[in-house]
Amino acid sequence: MTSPISEAPPPADSRRARLHQIIFEADTFAGRAFDVGLIALIVVSIVAVSVETLRDLSPRTQSVMVVLEWALTAIFTLEYILRLVAVRKPLRYATSFFGVVDLLAILPSWLGLFIPGAQALLVVRVLRLLRIFRILKLARFLSEAERLTHALRASMRKIAVFLLTVATIVVIVGSIMFVVEGPENGFTSLPVSMYWAVVTLTTVGYGDIAPRTPLGQTLASLVMILGYGIIAVPTGIVTSELTAGRFQHGVSTQSCPSCSAGGHDLDAKYCRVCGTML
């Protein structure tokens, strides 16, 4: 005979921990299955959004797209609610990057119900295009995403100095070209000249504005050559951080049950953000 104790439901914390393990972690079969299913739904959603932008869709196809969109919206809404339930601090998750992305993935469809009138059709269309943010949800499934995020954060100051240097070069070169070429050659103002400097320095070269004097063309050649070197700088900065020793140990798939932060060391016992025991 089964004892009353064995028939008692598991405590709420136990159920929340199990739900958190399935939704936020990928080291179990259920967690991996959840991730794979969610990835498939995101891909289907992006394809549906793309198909909706095609012209001359048949009424039947349009109806299928509407049903599919609301089915996906319902699933992603349920997923968002479950994520809030699974963490101990829902507000912290809701205001995090992925929390905002999850909200943007479902918000446009629901807002469409409350914006009536033919005048608002364009607004609704723009809001519905925001569903493309669902593709950002894929980032949480990349095993190296946290490592790349760490590298970018560690490189932030170096990149900021680099961008400041580039901005200084753009202002100086733009000013010189404005003086050398002048309005008669298309450099009608300092902002226009700086726009040319940005386009040339990044080796894009639209060709809508081009120097015509020998001195201007010589300066443009130097800026183009300088541009190739500048493009390589941020790549080298981030690469050096990626190959740094502190990132070679790898990260686990475990997520904090309190704030849902990831990217913890394989042997970490506490959350690197809020200090909660993992």
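Residues numbered from 1 in each chain as written. Predicted model: local features only at pLDDT ≥ 70, side-chain atom pairs only at ≥ 80, totals over all residues. Heavy atoms only, no water.

Enquirer: Go over the overall build of the protein chain with me, naming the residues and quoting the values.
Expert: Helix and strand counts for the protein chain stand at eleven helices and zero strands. Secondary structure elements of the protein chain occur, N-terminal to C-terminal, as α-α-α-α-α-α-α-α-α-α-α. Buried positions account for 30% of the 278 residues belonging to the protein chain. In the protein chain, the share of contacts with a sequence separation of at least 24, taken over all contacts with a separation of at least 6, comes to 58%. Of the roughly 16800 Å² of accessible surface on the protein chain, 70% is carried by carbon and sulfur atoms. (Helix = DSSP H or I, 4+ residues; strand = E, 2+ residues; numbered from the N terminus. Buried < 20%, exposed > 50% of the residue type's maximum accessible area, 1.4 Å probe, protein only. Contact = heavy atoms within 4.5 Å. Areas by Shrake-Rupley, 256 points an atom, 1.4 Å probe, with all protein chains shown as cover.)

Enquirer: Describe in detail helix α9 (residues 156-180), supporting the description with residues and values.
Expert: Since the α-helix packs 3.6 residues into each turn, any two residues three or four apart lie on the same face. For α9, spanning 25 residues, the distance from its first C-alpha to its last is 36 Å, which sits close to the expected 36 Å at 1.5 Å a residue. Taken together, the buried positions of α9 are occupied by Ile159, Phe162, Val166, Val170, Val173, Gly174 and Met177. Of the residues flanking the end of α9, it is glycine 182, one or two places downstream, whose phi is positive at about 80°. (Expected span 1.5 Å × (residues − 1).)

Enquirer: Could you give an account of the packing of aromatic side chains, naming the residues involved and the relevant values?
Expert: Following the criterion strictly, the structure yields four aromatic pairs and no others. When the ring of phenylalanine 24 is compared with that of tyrosine 93, the centres are 5.6 Å apart and the planes differ by 85°; the resulting orientation is edge-to-face. Taken together, the residues phenylalanine 24 in helix α2 (residues 12-24) and tyrosine 93 in helix α5 (residues 90-94) connect sequence positions 69 residues apart. Given the relative accessible area of 14%, phenylalanine 24 is considered buried. The class of tyrosine 93 is buried, set by a relative accessible area of 1%. In this structure, arginine 83 packs its charged tip against the face of phenylalanine 24, placed 5.0 Å from the ring centre. (Phe/Tyr/Trp six-rings, centres within 6.5 Å; stacked < 30°, edge-to-face > 60°. Lys NZ or Arg CZ within 6 Å of the ring centre and 35° of its normal.)

Enquirer: With reference to specific residues and values, describe the nonpolar core.
Expert: Membership of the largest hydrophobic core comes to 14 residues, with the highest contact counts inside it found for Val166, Val173, Met177, Trp196 and Leu201. The element best represented in this core is α9, accounting for five residues. The next biggest cluster of nonpolar side chains, apart from the first, holds seven residues, and it includes Leu38, Ile42, Ile46 and Phe76. (Core = buried A, V, L, I, M, F, W, Y, C linked by side-chain atoms within 4.5 Å.)

Enquirer: Tell me about the side chain of histidine 20, and please be specific about residues and values.
Expert: By the secondary structure assignment, histidine 20 is in helix α2. Residue class for histidine 20 comes out buried when judged on its relative accessible area of 3%. In contact with histidine 20, not counting residues within four places along its chain, are Glu25, Ala86, Val87, Ser255, Cys256 and Pro257.

Enquirer: Could you give an account of the pattern of salt bridges, naming the residues involved and the relevant values?
Expert: Per the counting criterion, the structure on display carries two salt bridges. A salt bridge links glutamate 79 to arginine 83, with the nearest nitrogen and oxygen atoms 2.6 Å apart. Of this pair, glutamate 79 and arginine 83 both sit in helix α4 (residues 59-86), four residues apart, roughly one helical turn. Given a relative accessible area of 5%, glutamate 79 falls into the buried group. Note on arginine 83: relative accessible area 0%, which makes it buried. Across the salt bridge formed by aspartate 102 and arginine 83, the nearest N and O atoms sit 3.9 Å from each other. One end of the pair, aspartate 102, is in helix α6 (residues 97-111); the other, arginine 83, is in helix α4, and 19 residues separate them in sequence. The pair aspartate 102 / arginine 83 is uniform in exposure class, with both members buried. Residues joined in a network through salt bridges with shared partners are Glu79, Arg83 and Asp102. (Salt bridge = Lys/Arg side-chain N within 4 Å of Asp/Glu carboxyl O.)

Enquirer: Tell me what's going on with the environment of valine 101, and back it up with residues and numbers.
Expert: Along the polypeptide, valine 101 turns up in helix α6. When the C-alpha atoms of valine 101 and lysine 137 are compared, they prove to be 6.9 Å apart, with 36 residues separating the residues in sequence.

Enquirer: If you had to explain the confidence of the model for the protein chain to someone new, which residues and values would you point to?
Expert: When pLDDT is low, close inspection of the predicted coordinates is not appropriate. Mean pLDDT over the protein chain stands at 78; residues scoring 70 or higher make up 77%. Averaged pLDDT values over the elements of the protein chain bottom out at 41 in helix α1 (residues 4-7) and peak at 92 in helix α10 (residues 190-201). Here residues 1-10 is modelled with pLDDT under 50, and outside its nearest four sequence neighbours on either side it reaches three contacts, counting other chains as well. Low pLDDT, under 50, characterises residues 117-122; the stretch is placed with one contact to residues that sit more than four places away or in other chains. (pLDDT = per-residue confidence, 0-100.)

Enquirer: An account of the packing of α4 against α6 is needed here, citing residue identities and associated values.
Expert: At their nearest, the axes of α4 and α6 sit 9 Å apart, and the two run at 145° to each other. Between α4 and α6 lies a crossing whose hand is left-handed. Facing Glu69, Trp70, Thr73, Phe76, Thr77, Tyr80 and Arg83 of α4, the residues of α6 in contact are Gly99, Asp102, Leu103, Ile106, Ser109 and Trp110. Among the residues forming the contact of α4 with α6, the class breakdown is six nonpolar, four polar and three charged. (Axes fitted to C-alpha atoms, helices over the stretch in contact; angles between N-to-C directions. Left-handed = near helix turned anticlockwise from the far one by under 90°. Nonpolar A, V, L, I, M, F, W, Y, C, P; charged D, E, K, R; others polar.)

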